[in-house]
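Structural description and commentary
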Amino acid sequence: MHAAHGVPPLASGEGPAPKRIVVAYGFWIFLLSDIVMFSAIFATYAVLVNATAGGPTGAQLFNYTTVAIETICLLLSSFACGMMALAINLEHKPGTYLGAAVTFVLGAAFLALELREFADMIARGATPERSAFLSAFFTLVGCHGAHVTIGLIWLLVMMAQVWAKGFPITVVRRLACFSLFWHALDIIWVALFSIVYLIGGGA
């Protein structure tokens, strides 16, 4: 019937897409939607960066040494995450745990430095309600920090699954999604570092 209308019959092996393809496609959609959200926040920050209402500017508030250390921590954590992915491909548990531990420690160090930066700014009276600039700053940087926090929790859960189950395809697939998520956060931070601290802060 299909052939009569110029449509070849379905091959016997055709059917729904494999789950790994569906999961990968869905996760890429999630990442893209997250990037769209960050783009909107970046645009808001760009509009409000000079709206200080007589309050402190970025150049007066930012500690560039701390920010540089934060950046190094996150970049190195992304490298460690890549090493973890290689160990996962080899189904090597010690290498996986080591890569995950380094990723977690560096990610936690990044988060601790960021929270200290927030605390120092608030102690100096630079709170989110002080000006539109500070509201946009705390929203943008805080949103990225919240994503890092989620990533750290996700990593702990995944290591518990590796310990309990080993490397079945479902666990490997989730770890691959985590790696994509973590590297995406790294890329977003590079953009944030450049736009907020270097350009916006007048460094």
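Residues numbered from 1 in each chain as written. Predicted model: local features only at pLDDT ≥ 70, side-chain atom pairs only at ≥ 80, totals over all residues. Heavy atoms only, no water.

1. So, the overall build of the protein chain
- Summing up its helical and strand segments, the protein chain has six helices and zero strands in all.
- Starting at the N terminus and walking to the C terminus, you meet the elements of the protein chain as α-α-α-α-α-α.
- When the 203 residues of the protein chain are sorted by exposure, 40% land in the buried category.
- Nonlocal contacts in the protein chain, meaning residues at least 24 apart in sequence, comprise 80% of its contacts between residues at least 6 apart.
- Within the structure as shown, the protein chain displays about 10,900 Å² of accessible surface, and the carbon and sulfur contribution to it stands at 73%. (Helix = DSSP H or I, 4+ residues; strand = E, 2+ residues; numbered from the N terminus. Buried < 20%, exposed > 50% of the residue type's maximum accessible area, 1.4 Å probe, protein only. Contact = heavy atoms within 4.5 Å. Areas by Shrake-Rupley, 256 points an atom, 1.4 Å probe, with all protein chains shown as cover.)

2. Thoughts on the packing of helix α4 (residues 93-123) against helix α5 (residues 132-165)
- Taken N-terminus to C-terminus, the directions of α4 and α5 make an angle of 155°; their axes are 10 Å apart at the nearest point. By the criterion of interaxial angle, the relationship of α4 to α5 is roughly antiparallel. Crossing handedness for the pair α4 and α5: left-handed.
- Of the residues contributing to the contact of α4 with α5, the split by class is 20 nonpolar, seven polar and three charged. (Axes fitted to C-alpha atoms, helices over the stretch in contact; angles between N-to-C directions. Parallel < 35°, antiparallel > 145°, perpendicular 65-115°, else oblique. Left-handed = near helix turned anticlockwise from the far one by under 90°. Nonpolar A, V, L, I, M, F, W, Y, C, P; charged D, E, K, R; others polar.)

3. Considerations on α4
- For α4, spanning 31 residues, the distance from its first C-alpha to its last is 44 Å, which sits close to the expected 45 Å at 1.5 Å a residue.
- Among the residues trailing α4, Gly125 stands out with phi positive, at a value near 85°. (Expected span 1.5 Å × (residues − 1).)

4. Brief notes about the UniProt feature "transmembrane region" (unreviewed entry) in the protein chain
- If you check UniProt for "transmembrane region" (unreviewed entry), the listed places come out as residues 25-49, 61-88, 94-113, 133-160 and 180-200 in our numbering.
- Here residues 94-113 runs as 100% helix and 0% strand, with 29 Å between its end C-alpha atoms. (UniProt positions renumbered as here; feature names shortened; annotations may be inferred.)

5. Comments concerning the confidence of the model for the protein chain
- Confidence in the prediction of the protein chain, expressed as mean pLDDT, is 88, and 86% of residues score 70 or more.
- Scored below 50 in pLDDT, residues 1-13 shows three contacts in the model against residues more than four places distant or in partner chains. (pLDDT = per-residue confidence, 0-100.)

6. Concerning the nonpolar core
- Residues Phe137 and Tyr197 are the most contacted members of the largest nonpolar core, which totals 51 residues.
- For Phe137, the contacting residues outside a window of four places in its chain are Tyr45, Phe62, Glu117, Phe118, Met121, Gly142, Val196 and Tyr197. (Core = buried A, V, L, I, M, F, W, Y, C linked by side-chain atoms within 4.5 Å.)

7. Side note on the side chain of Ser131
- As for its position among the elements, Ser131 is in the loop between α4 and α5.
- When near neighbours in sequence (up to four residues on either side) are disregarded, Ser131 contacts Ala51, Thr52 and Ala53.

8. Regarding the packing of aromatic side chains
- One pass over the full model with this rule turns up 18 aromatic pairs.
- Judged by centre distance (5.5 Å) and plane angle (80°), the rings of Phe137 and Phe138 are edge-to-face. Each member of the pair, Phe137 together with Phe138, is buried.
- Here the aromatic residues Tyr45, Phe62, Tyr64, Phe110, Phe118, Phe133, Phe137, Phe138, Trp189, Phe193 and Tyr197 are joined through ring pairs into a cluster of three or more. (Phe/Tyr/Trp six-rings, centres within 6.5 Å; stacked < 30°, edge-to-face > 60°.)

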